[in-house]
Amino acid sequence: MPIADCTRLSIHTITTKPWSLEQCLAGYQRAGVRGLTVWRQTIEAMGAKRAGQLIRASGLAVTALCRSGFFPARAAAEREQAIGDAKLAISQAAEIGAPMVVLVCGALPGMPLAQARAQIRDGIAACEPCARAHRVRLAIEPLHPLYAADRSAVNTMRQARRLCEEIGSPWVGIAVDVYHTWWDDSLEQEIAAAGAAGLLFGFHLCDWRVDTRHPLNDRGLMGEGCIDLPQIRGWMEAAGFAGWHEVEIFSDSHWARDQHAFLADIIAAYTARC
Ligand code: ZN
């Protein structure tokens, strides 16, 4: 059954990339959206303190801060730098009232994936005490294998769950993005297993365009592609997930449109097709 209301709808600020934070807050509010996930680039110029003030004044809920990670690196100093950035993101999340930081874990062309995964595990483990101290959760987002060479060596729900188990902290879980996971023949079982372990932190929505024109910036609006969204949402709910439905669309073609019209289309697609 498609969703009839927007009470759990959240929009990633990257989805309306041409908008400033102020425009996002005003635009989302006008459209009846109650939550947003803040991308760090949206608040870079003003800083987290000012962003937190604006968000609190708007009354909108912050569902997450995106993103940090990129832990694998050849030099120890670079790995330390990535850990430092993740800790900074955690403090920024605390400042804007975001309950979690989404982690794009990283990968390095030429580095064996097993080595990259070990460095990712060590990097997240090094950030865990900071996350716990700030009461900000870390959500590992498995990325589609398309990105295994250079963006994330964590490519399946199973890998993400194993990583969470190895780290073993209630502050470390998973953000499930339909774009990255829809193809996985064990997705239903993995969502169930992650739910049973208390690891389902976030849920990201968009669609997979069959005639994808760009590996990064051509995600579809829900209904423009081939993902069975109600089915995956049903698996999430059956696994106990009761959090926000975050719409995250990178799209050169949608960014080129009037963002108010795009937002109206997002809401229509969400209520009809998710
Ligand atoms: Zn995502």
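A brief structural summary. Here the structure is a predicted model, which means the values were calculated and not measured. (Residues numbered from 1 in each chain as written. Predicted model: local features only at pLDDT ≥ 70, side-chain atom pairs only at ≥ 80, totals over all residues. Heavy atoms only, no water.)

**Quick word on the packing of aromatic side chains**
Applied cut-off: By convention, a stacked pair of Phe, Tyr or Trp rings (six-membered ring in the case of Trp) has centres within 6.5 Å and planes under 30 degrees apart, an edge-to-face pair has planes over 60 apart, and any other such pair is tilted. Under the scheme applied here, a residue whose accessible area is under 20% of the maximum for its type counts as buried, over 50% as exposed, and between as partly exposed, the area being computed with a 1.4 Å probe on protein chains only. Runs of E in the DSSP output that reach at least two residues are strands. Runs of H or I that reach at least four are helices, and both are numbered from the N terminus. Lysine and arginine charges are scored as sitting over a ring when NZ or CZ, respectively, is within 6 Å of the ring centre and within 35 degrees of the ring normal.
Taken as a whole and assessed by the stated rule, the structure comprises 5 aromatic pairs. Judged by centre distance (6.3 Å) and plane angle (45°), the rings of Trp-19 and Tyr-28 are tilted. For the pair Trp-19 and Tyr-28, one class covers both residues: buried. Here the aromatic rings of Tyr-179 and Trp-208 are separated by 4.7 Å at their centres, their planes lie at 35°, and the arrangement is tilted. One end of the pair, Tyr-179, is in helix α7 (residues 178-181); the other, Trp-208, is in the loop between β7 (200-205) and α9 (229-238), with 29 residues separating them in the sequence. With a relative accessible area of 0%, Tyr-179 lands in the buried category. The exposure class assigned to Trp-208 is buried, which follows from its relative accessible area of 15%. Members of the aromatic cluster, each reached through a chain of ring pairs, are Tyr-179, Trp-182 and Trp-208. The ring of Phe-201 carries Arg-137 above its face, with NZ or CZ at 4.1 Å from the centroid.

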